[in-house]
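# Per-entry structural report
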Amino acid sequence: MSNITIKELALELNLSAATVSRALSDSYEISAATKQRVWDLAKKLNYEPNPSASTLRSHKTKTLAVIVPEIANNFFSQAINGIEEISRQHGYHVLIYQTHENSETEAAFIKSLLSGRVDGVLISVSSETNNKDHFTELNKNIPVVFFDRALENIDAVKITTNDYESAYNATAHLIECGCKRISFLFALNNLSTGKNRLSGYIDALANNNIVYDETQIINCDNDESQNYSLIKALLTTNKPDGLISSIEELVLPCYAICEELHINIPDDLKIVSFSNLKTAPFLNPSLTTITQPAFEIGITAATLILKLLNKKQVDTNEIVVLKSDLIERGSTAVKKN
């Protein structure tokens, strides 16, 4: 059979067309047994949904917006891949918006999305953002899921990683490798992501009887030239023997500065970075990373936004925490005697 319709499926199954339609969209209102009957017959008869007709009936755009700080970042490109894979499977298109870490651009995007051009929004907040007003307005009107970077004190589904534990473990790893003067490149200062990473670093020092020294923390922003100068001054003046970069954008400048100052990695300075760089194993030396499950974060975020759109039972305050991995490589290798 070809061009089978929902009405024909319903007639064959002795169900109403509305029940079949809800079953095909995986509605929580339909029992698992009924869904399975519908899906089995639909597969058997090669049923193909009509996206245009479905959109007209539901007034849905079948489009999701994904707002990220930057696409070039390896983490976000992998997360977007995960979002697109799930969206495509469910007949949704994805629009990508890039804020370039600018809160005003972010607010402008959100304002435009309130016009109803998308069904749902997945967002990772820009590092400059410290005002939740535009997010609150968005959340009232359109289903929203935050991933990786989320705002505190806002009721929404959030997908994060274990940032505190990851930074703690990275610091403990450097201490185990013999480091006693560990610097921290602090970014995402306005967000819980950055604050949790800093807290993990500080607590790991305290629990290993290393005195916390504020001068070992460098506050970085979106000015690449200034960040380079600050890191160079740190390595010249403080002479740390270990360093944690809280974002991957700061770690390659560290390598360049070490070469410029003739600092040997890992003999003089051991480095760990939060990073999803695919080239991390090929750097000289290879980079020890805290690697986030970016693709899985995208998969989870897209799955939850679709559940919200299909009015399935999802706690709108749900926080999903996925685990990052500390991958030891050459930049923290211990010199053999």
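Quick summary incoming for the structure in this document. Because the structure is predicted, anything quoted here is derived from the model rather than measured.

What counts as what
- Every residue gets a number counted from 1 within its own chain, in the order that chain's sequence is written.
- Restriction of local features to residues with pLDDT of at least 70 applies here, the model being predicted, together with a cutoff of 80 or more for giving and counting side-chain atom pairs; totals for whole chains, interfaces and linings are based on all residues.
- Only hydrogens and water are set aside when side-chain values are computed; all heavy atoms of the structure are taken into account.
- Numbering of helices and strands starts at the N terminus; helices are DSSP runs of H or I of at least 4 residues and strands are runs of E of at least 2.
- Burial classes follow relative accessibility: with a 1.4 Å probe on protein chains only, a residue under 20% of its type's maximum area counts as buried, one over 50% as exposed, and anything between as partly exposed.
- Any two residues having at least one pair of non-hydrogen atoms within 4.5 Å are treated as being in contact.
- Throughout, the Shrake-Rupley method with a 1.4 Å probe supplies accessible areas, and for residues the shown protein chains are the sole cover considered.
- Counting rule applied: Lys, Arg positive; Asp, Glu negative; His and chain ends not counted.
- Every charge is mapped onto a representative atom, which is NZ of Lys, CZ of Arg, CG of Asp or CD of Glu.
- Expected span, for any helix, means 1.5 Å times one less than how many residues it has.
- Strand pairing is assigned whenever DSSP identifies at least 2 bridges connecting the two strands.
- Axis lines are fitted to C-alpha atoms, over the contacting stretch for helices. Their N-to-C directions set the angle, which ranges from 0 to 180 degrees.
- As used here, the term nonpolar core means buried Ala, Val, Leu, Ile, Met, Phe, Trp, Tyr and Cys residues forming a set that is joined through side-chain atoms within 4.5 Å.
- Put simply, a salt bridge is a Lys or Arg side-chain nitrogen that is within 4 Å of an Asp or Glu carboxyl oxygen.
- Like charges are joined within 9 Å and nonpolar side chains (Val, Leu, Ile, Met, Phe, Trp, Tyr) within 5 Å, but only among residues with over 30% relative accessible area and no salt bridge; these make up the patches.
- Polar contacts here mean pairs of N or O atoms no more than 3.5 Å apart (in protein, one a potential hydrogen donor and the other a potential acceptor; neighbouring residues in sequence count only if both atoms are side-chain atoms).

## A closer look at the overall build of the protein
When helices and strands are tallied, the protein shows 12 helices and 12 strands. If you line up the protein on its principal axes, its C-alpha atoms span 80 × 45 × 35 Å. For the protein, with 337 residues in total, the buried portion stands at 49%. Intrachain contacts of the protein at a sequence separation of at least 6 include 70% that bridge at least 24 residues. With the model as given, the accessible surface of the protein reaches about 16,800 Å², and the carbon-plus-sulfur share is 49%. Charge separation in the protein, taken as the distance between the mean sites of 31 positive and 40 negative side-chain charges, equals 7 Å.

## Concerning helix 8 (residues 163–176)
An α-helical segment advances 3.6 residues per turn. Residues three or four places apart therefore align on the same side. Under the 1.5 Å per step criterion, the end-to-end length of helix 8 is 20 Å for 14 residues, consistent within 8% with the ideal 20 Å. Those residues of helix 8 lying buried are Asp163, Ser166, Ala167, Ala170, Thr171, Ala172, His173, Leu174 and Ile175.

## A short note on the sheet that holds strand 5 (residues 157–161)
Strand order in the open sheet made by the 6 strands is 2-1-3-4-5-11, with parallel pairing throughout. In the strand order of this sheet, the two ends are held by strand 2 (93–98) and strand 11 (319–322), each with one partner. Taken pair by pair, the neighbouring strands of this sheet meet at an average axis angle of 15 degrees, ignoring direction. The sheet contact formed by strand 5 and strand 11 spans 4 bridges and is parallel.

## Observations regarding the nonpolar core
Note on soluble globular proteins: their nonpolar side chains tend to be buried together. Formed by 28 residues in total, the largest nonpolar core has its most connected members in Val66, Leu122, Val145, Phe147 and Ile159. Sorting the residues of this core by element identifies strand 1 (63–68), helix 5 (74–89), strand 4 (144–147), strand 5, helix 12 (294–309) and strand 11 as the ones contributing at least two each. Top element by residues in this core is helix 12. It accounts for 9 residues. For Val145, the contacting residues outside a window of four places in its chain are Val121, Leu122, Ile123, Val157, Ile159, Ala301, Leu304, Ile305 and Leu308. Ranked by size, the runner-up nonpolar core spans 23 residues in total, among them Ile247, Leu269, Ile271 and Leu277.

## Some words on the pattern of salt bridges
The full count for this structure, using the stated rule, is 4 salt bridges. Note that Arg149 is salt-bridged to Glu101, the shortest N-O span being 2.9 Å. Linking Arg149 in the loop between strand 4 and strand 5 with Glu101 in the loop between strand 2 and helix 6 (103–113), this pair joins segments that are 48 residues apart in sequence. Here Arg149 and Glu101 have matching classes, each one buried.

## Digging into a negative patch on the surface
Residues Glu104, Glu128, Asp221, Asp223, Glu224 and Glu249 make up a contiguous surface patch of negative charge. By relative accessible area, which is 32% here, Glu249 ends up partly exposed.

## A few points about the side chain of Ser166
Here Ser166 is to be found in helix 8. Looking at Ser166, its side chain comes within polar contact range of the main-chain oxygen of Asn162, at 2.8 Å. Those residues within four positions of Ser166 in sequence are excluded, and the remaining contacts are Phe274, Ile290 and Ser324.

## Section: the environment of Lys323
Inspection of the secondary structure assignment puts Lys323 in the loop between strand 11 and strand 12 (325–327). Separated by 170 residues in the primary sequence, Lys323 and Asn153 place their C-alpha atoms 23 Å from one another. Leave out the neighbours within four places in its chain, and Lys323 touches Asn162 and Pro293.

## Some remarks on the sheet that holds strand 6 (residues 182–186)
Across the sheet, 6 strands lie side by side as 7-6-8-9-10-12; this open sheet has mixed pairing. Two strands lie at the open edges of the sheet, namely strand 7 (217–219) and strand 12, each paired on one side alone. Neighbouring strand axes in the sheet, compared pairwise and without regard to direction, differ in orientation by 15 degrees on average. Two strands pair when backbone bridges link them, and strand 6 and strand 8 (residues 242–245) are joined in this way by 4 bridges, in the parallel orientation. Note on strand 8: the bridge partner recorded for Leu185 is Ser245. Together, strand 6, strand 8, strand 9 (270–274), strand 10 (288–291) and strand 12 form the strand contacts of helix 8, whose direction differs from that of strand 9 by roughly 170 degrees. In this fold helix 11 (residues 251–260) packs onto strand 6, strand 8 and strand 9, with an angle of close to 160 degrees to the strand it touches most, strand 9.

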